[in-house]
Structures are given as structure tokens and as C-alpha cells.
Amino acid sequence: MSLAVRFDEYGEIDVLQVRQVARPEPGRGEVLVRVRAAGINPGENAIRIGALHDLWPATFPSGEGSDLAGVVEEVGPDVPTWSVGDEVIGWVDTRASQAELVVVPAEHLVRRDPGVPWEVGGALFVAGATAHATVHAVATGPGDTVVVAGAAGGVGSLAVQLARHAGATVIGLASEANHPWLAAHGVTPVSYGDGVADRIRAAAPGGVDAFIDTFGGGYVDLALELGVAKERVDTIIDFAGAARTGVKAEGMAASATAEVLGGLAKLVAAGDLEVPIAETFPLTEVRAAYRELMRRHTRGKIVLLP
């Protein structure tokens with residue numbers, strides 16, 4: 001037996017429970033991982049309340065979570081790439097990573113470098129792949145000026161750094177409390193709220209070339225007001241705004257590969273990409289972790305430590 005997060009019906013955070021479940025068994029091409037860290041993401045909250053039922057209906061009882069880092073506990077048949085005791089970073093598509101033990105397809109794993117802390121590895125895949133995809137969606141490159149809304153959040157904090165690595169000048173929209181962190185990473189911080197368009201214009205007198213929206217709430221319209229071409233605006237949250245205006249709504253799908261994950265992990269290990277960890281919680285405090293997530297004011301990622 002082992003512990004895992006479960007919920008039996010759609011609902012708010014109080015439907016989440018931590019239960020004893022049967023020990024998972026890896027099948028062909030799979031490994032069993034003992035989880036050391038598992039990130040939580042806004043999409044998991046949306047799934048739990050039923051907002052994404054038409055796309056990804058839940059089968060109850062349902063688990064939670066995609067991101068994970070841990071140690072290989074058991075290897076299924078036809079897995080030549082991994083051995084018991086290997087330290088790995090990866091993901092599952094089965095809503096199951098928020099648990100002590102989880103079965104993972106072998107091809108969804110990369111080796112953990114000792115330079116990647118457990119909590120960082122466990123929070124890397126969803127936010128990292130999404131940030132990677134958004135930077136590529138708006139064709140970020142040298143000489144560009146890129147605005148990132150929600151620049152200190154789980155995805156935004158990585159997107160600003162990846163855009164900088166791509167050679168762009170980056171303006172990050174965030175609360176003043178996060179301005180020092182952004183500035184330390186080579187990002188020009190700008191406060192959101194009334195007058196933000198004027199503040200962006202002042203920070204980018206040559207104009208804005210691309211806009212990444214990780215927060216929602218009208219930033220699609222702001223991007224167009226600033227004169228950004230539709231094909232260089234990407235939102236990962238305002239799907240209605242994207243449908244109405246014709247801007248992009250490309251999320252992590254294009255970058256959801258082990259190759260991308262491995263590349264991000266190498267950047268972390270080399271000290272070239274920081275994954276801010278806002279707070280960690282034991283698995284048994286999963287409800288508290290999601291409450292903190294839904295405040296939408298944390299810098300970086302919230303992580304469960306089974």
C-alpha cells in the first residue's frame with residue numbers, strides 16, 4: 001500500500017483526500033518511481049473542478065498531478081534504459097504524480113543531475129514545457145522586445161528567462177514585490193494595473209514585438225493595443241480572448257517531450273535557469289498547497305514532498 005491524492009467528484013479543494021491505495025505495478029515499457037517531489041499546477045485545479053470536462057473528463061476516483069522527480073523502485077518488462085535506484089525527472093499523463101509511488105512510461109523520464117534539487121525537478125515539466133512552448137510560439141529572438149504577463153508565476157518566471165536566453169529584451173509584468181527578482185534576472189519589471197500600457201511604452205520606446213500572457217484578464221487586448229502582431233501574441237489561459245481576436249493560444253503540447261525536459265534540466269544544473277520554489281508542503285497537506293496556488297500571488301512553483 002502507499003499514499004496518493006484522490007478525489008471522487010468534481011468540486012473545490014475540499015474534495016481532495018490523501019488515501020492508502022494499492023501499490024502500483026509497472027507494465028511493459030514502464031517503471032515504478034518513488035516520488036520525492038511533485039509539482040502542482042493551475043490546470044490540475046481546473047480539471048478537479050470540472051472546467052475541462054469536455055476535453056479531459058475525469059474517471060473517478062481520480063488522482064492529481066503530472067510533474068515528478070524521484071527514484072526508480074521497480075522496472076517493468078522491456079525497459080533497457082532504467083535500473084532500480086536511478087534518480088529521474090519526468091511526468092505522467094494519468095493524473096497520478098501526487099503520490100508516494102507512481103507508474104511512469106520509460107520514455108517520459110530523464111536522468112536527474114545532482115545539480116537539480118529534488119523540488120525543482122519535481123516542478124519542472126509542466127511549467128518548463130509551457131514556458132518553452134510560449135517563447136517559441138511568439139518566435140522570440142535577438143533584437144526582440146517581449147512582454148510577459150504574470151512574469152513571476154510558475155510559467156512566467158521561466159518564460160522570462162528563456163526569452164532572455166533567446167536574446168530578447170524582456171519586460172515582465174508583476175507586483176512590485178517581485179521586481180527585484182526580475183531585475184536580477186535581466187528583466188525590466190513593470191507593475192500591472194491601471195496605466196500599464198503607458199508604463200510598457202515608457203519601458204519600450206522602440207515598441208513591443210511579442211507578448212506572452214500567462215495570467216489572463218485582458219492582456220490579449222493589451223498586446224494588440226500595443227501594436228503587437230496577432231501571430232506574435234500567445235496566451236496560455238485566455239482562450240476566449242484568443243478565439244475572439246485570432247491570437248495564438250499555444251500551451252505546452254508542442255514542447256511536451258523528454259528532449260525539451262532534458263534540455264531544461266541541463267540549464268538548471270548549469271545555473272542558467274532558476275526555477276523559483278515558492279513553498280513546499282508534505283503530501284498530506286495537499287489542500288493547503290492548492291489553496292496557496294489559487295491565491296495566484298506566489299513567485300514560482302508550489303511543490304508537494306511525499
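Relevant structure appears above.
On a predicted model such as this, the values are computed, not experimentally measured, just so you know.

J.: For this particular structure, what's the right way to read the sheet that holds strand β12 (residues 233-235)?
T.: Where strands meet in a sheet, backbone hydrogen bonds hold them as pairs that are either parallel or antiparallel. Reading across from one edge, β10-β9-β8-β11-β12 is the order of the 5 strands in this open sheet, with parallel pairing throughout. One side of each edge strand has no neighbouring strand; the edge strands of this open sheet are β10 (188-190) and β12. Mean inter-strand twist for the sheet, computed between neighbouring axes without regard to direction, equals 15°. Bridge analysis of strand β9 (residues 169-173) against β10 gives 3 bridges, and the strand direction is parallel.

J.: Just to check I follow, could you spell out the environment of Asp 198 for this structure?
T.: Examined against the element boundaries, Asp 198 turns out to sit in helix α6 (residues 196-203). Expressed as a C-alpha distance, the spacing of Asp 198 and Leu 226, which sit 28 residues apart in the sequence, is 9.4 Å.

J.: I would appreciate a short explanation of the pattern of salt bridges in the present structure.
T.: Pairing between side chains becomes possible if they bear opposite charge and their charged atoms approach one another. This model, assessed by the stated rule, comprises 12 salt bridges. When the shortest N-O distance is used, the salt bridge between Arg 23 and Glu 74 registers 3.3 Å. Within this pair, whereas Arg 23 is found in the loop between β2 (17-21) and β3 (30-39), its partner Glu 74 is found in strand β4 (residues 67-75), the two being separated by 51 residues in sequence. On the basis of relative accessibility, which here comes to 33%, the residue Arg 23 falls in the partly exposed class. As a salt-bridge pair, Glu 87 and Arg 112 come within 2.7 Å of each other at their nearest N and O atoms. In this pair, Glu 87 is assigned in strand β5 (residues 87-91) and Arg 112 in the loop between β7 (109-111) and α2 (118-121), connecting sequence segments 25 residues apart. Via salt bridges that share partners, Arg 23, Arg 34, Glu 73 and Glu 74 belong to a single interconnected network.

J.: What is the right way to read helix α1 (residues 42-49) from this model?
T.: Since the α-helix packs 3.6 residues into each turn, any two residues three or four apart lie on the same face. Those residues of α1 that fall on the buried side of the exposure criterion are Glu 44, Asn 45, Ala 46, Ile 47 and Arg 48. Lining the buried residues of α1 we find β3 and α10 (286-294). One or two residues past the end of α1 sits Gly 50, with phi positive at roughly 90°.

J.: Whenever I open this one, the packing of aromatic side chains confuses me. Can you help?
T.: Within a pair of aromatic rings, the relevant descriptors are the distance that separates the centres and the angle that separates the planes. Taken as a whole and judged by the stated rule, the model has 4 aromatic pairs. When the ring of Trp 91 is compared with that of Phe 125, the centres are 4.0 Å apart and the planes differ by 5°; the resulting orientation is stacked. In this pair, Trp 91 sits in strand β5 while Phe 125 sits in helix α3 (residues 125-137), placing the two residues 34 residues apart along the sequence. Residue class for Trp 91 comes out buried when judged on its relative accessible area of 4%. Of the residues examined, Phe 125 reaches a relative accessible area of 3% and is grouped as buried. Taken together, the ring pairs connect Phe 7, Tyr 10 and Phe 60 into an aromatic cluster. Over the aromatic face of Trp 118 sits the side chain of Arg 112, whose NZ or CZ is 3.9 Å from the ring centroid.

J.: I tried to follow the nonpolar core on my own but got confused; where do I start?
T.: It is characteristic of soluble globular proteins that their nonpolar side chains tend to be buried jointly. Judged by nonpolar contacts, the single largest core of 40 residues is most densely connected at Val 148 and Val 160. Counting residues per element, the ones that place at least two in this core are β5, α2, α3, β8 (145-149), α4 (156-165), α5 (179-184), β11 (210-213) and α9 (258-269). With 6 residues, the top contributor of residues to this core is α3. Setting aside its immediate chain neighbours within four residues, Val 160 contacts Val 148, Ala 151, Val 170, Trp 181, Leu 182 and Val 187. Among the nonpolar cores identified, the runner-up in size contains 20 residues, and Leu 222, Ala 223, Leu 226 and Ala 242 belong to it.

Conventions adopted
- Residues numbered from 1 in each chain as written.
- Predicted model: local features only at pLDDT ≥ 70, side-chain atom pairs only at ≥ 80, totals over all residues.
- Heavy atoms only, no water.
- Pairing = 2+ DSSP bridges.
- Helix = DSSP H or I, 4+ residues; strand = E, 2+ residues; numbered from the N terminus.
- Axes fitted to C-alpha atoms, helices over the stretch in contact; angles between N-to-C directions.
- Salt bridge = Lys/Arg side-chain N within 4 Å of Asp/Glu carboxyl O.
- Buried < 20%, exposed > 50% of the residue type's maximum accessible area, 1.4 Å probe, protein only.
- Contact = heavy atoms within 4.5 Å.
- Phe/Tyr/Trp six-rings, centres within 6.5 Å; stacked < 30°, edge-to-face > 60°.
- Lys NZ or Arg CZ within 6 Å of the ring centre and 35° of its normal.
- Core = buried A, V, L, I, M, F, W, Y, C linked by side-chain atoms within 4.5 Å.

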